[in-house]
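The chain contents come next:
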Amino acid sequence: MMRRVLLLALVCASFAVGCGDHRLTASGFARFESDDLRTGFELPMNVRIDGDAAAGGVTGSCEIEPVGDEDYAVIIDLFGGGGDEGLRSLTLRAQSDGSSSSVEARVASGTYSGDASCVVELTDVDGDEVVVDVEACTLTSGTSVATLDAHLELDGCAVVQ
């Protein structure tokens, strides 16, 4: 009887690992810089960002949505971690065909949006894993100008069918 209980527990545990609650983890950085502010997110290797215990207070979401027959859009939102004056949120959007991308960063002094130099490059998308790069992106908020560089690797993105 004990052997059956132990075997059943091992089978259940193996299903829980393989089929259980999938978690969103991230690695990388996002660096925001303006004349008077340097801030951003630094995410150590594979830190969970979809729960209350996120590293440095950074939480987030990632979604992959179909666009047409073979293309898809990726939407990444990161929140918190920048303190009172720091980066409060960052939204990156990109389409796999390269037709459009957008960047929006919110800091205490306002919301910055990307111009034509802001390309969110989908370096790799495999299943629910996404790697994005943003290099020397110029962001504006009124007359204020900032730059953003980011490299993010996410695992556990929601795949919308």
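Residues numbered from 1 in each chain as written. Predicted model: local features only at pLDDT ≥ 70, side-chain atom pairs only at ≥ 80, totals over all residues. Heavy atoms only, no water.

**Observations regarding the pattern of salt bridges**
Our working rule: The working definition used for a salt bridge is a side-chain nitrogen of Lys or Arg within 4 Å of a carboxyl oxygen of Asp or Glu.
This structure, assessed with the given rule, holds three salt bridges. Here Glu 33 makes a salt bridge to Arg 38, at a shortest N to O gap of 3.1 Å. The residue Arg 48 makes a salt bridge to Asp 50 at a minimum N-O spacing of 2.5 Å.

**Let's talk about unusual backbone geometry**
Heads up, the rule is: Put simply, DSSP marks the helices as runs of H or I at least four residues long and the strands as runs of E at least two long, and each gets a number from the N terminus on.
A positive phi angle is found at Asn 46, which is not glycine, with a value near 50°. Here Asn 46 is to be found in strand β2 (residues 38-48). Backbone geometry at Ala 136 places phi at a positive 50°, although glycine is not the residue there. Tracing the backbone shows Ala 136 in strand β9 (residues 129-141).

**Some remarks on the packing of aromatic side chains**
Put simply, the rule reads: Here is the rule: rings of Phe, Tyr and Trp (six-membered ring for Trp) pair when centre to centre is within 6.5 Å. Planes less than 30 degrees apart are stacked, more than 60 are edge-to-face, and the remainder are tilted. The classification of residues rests on relative accessible area computed with a 1.4 Å probe and restricted to protein chains. Under 20% of the type maximum is buried, over 50% is exposed, and intermediate values are partly exposed. Definition used: whenever NZ (Lys) or CZ (Arg) falls within 6 Å of the ring centre and also within 35 degrees of the ring normal, the charge is taken to sit over that ring.
Within this structure, the stated rule accounts for one aromatic pair. Seen in terms of ring centroids, Phe 32 and Tyr 112 are 5.1 Å apart; in terms of plane orientation they differ by 75°. Their pairing is edge-to-face. Within this pair, whereas Phe 32 is found in strand β1 (residues 25-34), its partner Tyr 112 is found in strand β7 (residues 110-114), the two being separated by 80 residues in sequence. Just as Phe 32 is buried, Tyr 112 falls in that class too. Above the face of the Phe 29 ring, Arg 31 is positioned so that its terminal group lies 3.9 Å from the ring centre.

**Describing the environment of Gly 98**
Note that Gly 98 resides in the loop between β5 (89-95) and β6 (101-107). Gly 98 sits 27 residues away from Asp 71 along the chain, and the two C-alpha atoms are 9.7 Å apart.

**Focus on the state of the cysteines**
A covalent bond between the sulfur atoms of two cysteines is referred to as a disulfide. We apply this condition: When two cysteine sulfur atoms lie within 2.5 Å, the pair is treated as a disulfide.
Counted under the stated rule, the structure contains two disulfides. Across the disulfide from Cys 62 sits Cys 157; the S-S distance is 2.1 Å. On the sign convention where negative is left-handed, the bridge of Cys 62 and Cys 157, at about 85° about the S-S bond, is right-handed. Of this pair, Cys 62 sits in strand β3 (residues 59-67) while Cys 157 sits in the loop between β10 (144-155) and β11 (158-159), and the two are 95 residues apart along the sequence. The same class applies to Cys 62 as to Cys 157, namely buried. Two residues share a disulfide in this structure: Cys 118 and Cys 137, whose sulfurs sit 1.8 Å from each other.

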